[in-house]
Amino acid sequence: MTQQAVASVSADEGRIVVSHLRKTFGEVRAVDDLSFHVEPGEVTGFLGPNGAGKTTTLRCVLGLARPDSGGATVSGKPYVQLRDPGRAIGAVLESTSFHPARSARNHLRVFAAAAGVPDSRADEVLALVGLTPAGKYGVGGFSLGMRQRLALATAMLGDPRILILDEPANGLDPEGIVWLRSLLRHLAKIEGRTVLISSHLLSEVEQTVDRVVIIARGRLVHEGSLEDIRGRRAASVVVSTPTPGRLMETLRPLGVQVTNQSDHGLTLTGAPTSAVGHAAWEANIELHELREEVHSLEDVFLELTEDRGVAAAQAQSAPPAP
Amino acid sequence: MKRLLREETRKLLTTRLWWGMLLGALALASIGVIAQIATNGLRGNPLPPLTSAATQRSVFASAVSGDTFALIVGIIIVTAEFRHFTSRPTFLLEPRRGRVVAAKLLVATALGLAYGAACAVISVAIAVPWLSLKGVHVDWSSNGVLFVLLGTLLAVAIFAIVGVGVGVIIQSQVVAVSVALAYLLIVEPLLRVIPGVKEVGRFLPGAAAEALTGVQRQGIVQVQPWQGALLLLGWGLLFALAGRAITLSRDIP
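Residues numbered from 1 in each chain as written. Chains lettered and ligands numbered in written order. Predicted model: local features only at pLDDT ≥ 70, side-chain atom pairs only at ≥ 80, totals over all residues. Heavy atoms only, no water.

Some thoughts on the overall build of chain B
This is how the line gets drawn: Each helix is a run of H or I in the DSSP string that is no shorter than four residues. Each strand is a run of E no shorter than two, and both are numbered from the N terminus. Each radius of gyration is computed over the set of C-alpha atoms, and the globule rule expresses the reference value as 2.2 Å times the number of residues to the power 0.38. A 1.4 Å probe rolled over the protein chains alone gives each residue an accessible area, and that area as a share of the maximum for its type sets the label: buried under 20%, exposed over 50%, partly exposed in between. Residues count as neighbours in contact if any of their non-hydrogen atoms are within 4.5 Å of one another. Per-residue and other accessible areas were derived by the Shrake-Rupley procedure at a 1.4 Å probe size, with only the shown protein chains allowed to occlude residues. Under this rule, positive means Lys or Arg and negative means Asp or Glu; His and the chain ends count for nothing. To locate a charge, the coordinates of NZ of Lys, CZ of Arg, CG of Asp or CD of Glu are taken.
Helix and strand counts for chain B come out as eleven helices and zero strands. In terms of overall dimensions, chain B is globule-like: its C-alpha atoms have a radius of gyration of 19 Å, near the 18 Å expected for 253 residues. Taken along the three principal axes of its C-alpha coordinates, chain B extends 60 × 45 × 30 Å. With 253 residues in all, chain B has 51% of them scored as buried. A separation threshold of at least 6 residues defines the contact pool for chain B, and within that pool the share at least 24 residues apart is 77%. Summing over all exposed atoms, chain B offers an accessible surface of approximately 11300 Å²; the carbon and sulfur share of this is 71%. Averaged over its 21 positive side-chain charges, chain B has a centre that lies 4 Å from the centre of its 10 negative ones.

Remarks on helix H6 (residues 144-156) of chain A
Residues and elements named next belong to chain A. So the rule is basically this: Expected helix span is taken as 1.5 Å per residue step, with the number of steps being one fewer than the number of residues.
The terminal C-alpha atoms of H6 lie 18 Å apart, and with 13 residues this matches the ideal 18 Å at 1.5 Å per residue to within 8%. Burial of H6 is extensive: ten of the 13 residues sit out of reach of the surface. Among the residues making up H6, those that are buried are Gly145, Arg147, Gln148, Leu150, Ala151, Leu152, Ala153, Thr154, Ala155 and Met156. Buried residues along H6 sit in contact with strand E5 (89-92), helix H4 (104-115), helix H5 (120-128), strand E6 (162-166) and helix H7 (174-190).

Side note on the pairing of strand E8 (residues 211-216) of chain A
All names here are of chain A. We apply this condition: At least two DSSP bridges between two strands are needed for those strands to be called paired.
Across the six residues of E8, six count as buried, placing the element largely inside the fold. Of the two faces of E8, the one lined by Arg211, Val213 and Ile215 and the one lined by Val212, Ile214 and Ala216 are each fully buried. Where strand E3 (residues 43-47) and E8 come together, four bridges link them in parallel fashion. Looking across to E8, one finds that Gly45 is bridged to Val212. In the sheet, E8 pairs with strand E9 (residues 219-225) via six bridges, with the strands oriented antiparallel. Paired with Ile214 across the two strands is His222, which belongs to E9. If you look at the hairpin formed by E8 and E9, you'll find two residues sitting between the two strands, and Arg217 has a positive phi there, around 50 degrees.

Structural data, given as structure tokens:
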């Protein structure tokens, strides 16, 4: 019994589990029955369009906001029950949290005291994010990118097992984004930490994340590996022919669906290029073009999040029955 | 709690707030003392001459006006967190919100005692040489001024605690400071002249602070100094507890 309990605690170490989380602001359901989990050793992307409920979810995980129902655990415990939260989890939240008159180094020393780590740690994290030369200056004069770095340094003070970053790429220059990407990969893949980053753009985190949790309008629309998403990319076949009508007739028995049609061509799904070419050759149909078109990941992401959005918007704006 | 106290002390010492407010407190305290000595004996000042013990108590007690800045510093210790969103790292590193409030109350107490001591010292530094220049003998053993100085120290210190309480309830800095000043300078003085309210008026925070120095003003009913101290402390803690239960139980901005 005791051994089981110990085993379950260590199994939860470094995990974030969100279960049936619900949070409303007035009439708006910001987060609606959301469940997902985040595992150690990988970088998880938390994705969704603006206003999907990402920040609200993260704030509930971090104990800053109280859910209406459901909840979240960090390493097996609700956030408020963490006894040494600075070592368990560090967070970089969207808008920056600094007193403008306090120097970067003093800011870190304030929260080093709060996290119970020695002052030398403040200088370590300052160096980690490349801000050592700016350490003595007031944060009020910092650029957005420097603030993001300082926020990351603050989150790293307690050397946390889990790192949460809300829209970390905001304000970073391309060089900074590359730097952040390799740092996060290192923290997760080499050091085995849990890394969760939110973004409204899949392309922004595509090269960083192993797994994705996609939400729209407060609900989960997809949870899985990035490979899953790649697999969902439906390939379509683009054909040009002077006789599109005849080609459609010929292909119908193959279960092919036409997604787009013009005077000279068709866009099809449901059959590979080889099958389309063969059928056309057998029916003696002249083809001018036959090629495969692969959708980008962003298309899949948009499809996943928009369907949901459009359906919900229609449900909301539906006129009352006459 | 040790971590929280280190954190809060560092927050206080790494911005210019504490000494800016200290200068303000010293300025108000000095003006009070200077005005009392300078106007003594002029037509329209009903106080007896400076040689009387009552007048001497009144002179030193006017340094208590520095408490306004102790109140404001107490408020800002809390509201600055919400204004600059340092509330986030603060409550991320200590999710038990009541403990954060407790740490702020303790740090405010220490700061308030320092402010109070500074106000008492400056009243002595101004009044003693000036009075001796005027040839007025100050008899420390019998005039009760030492008691007045202690009252000043405590009134200023406890006002810093009250400030923290106000800040926890009203998290907006501008609103909290405006409401506190408007109450102390306008609302409470008005309330206390309404006939029916006069009697209970002595239990209000401003009256409790005045009672602390034990200096009686004409026509004003006051509690005993020690009662004033407990009453004012009670107001501060009540505000802090109410703020923790109501405002601070909501989502952290």
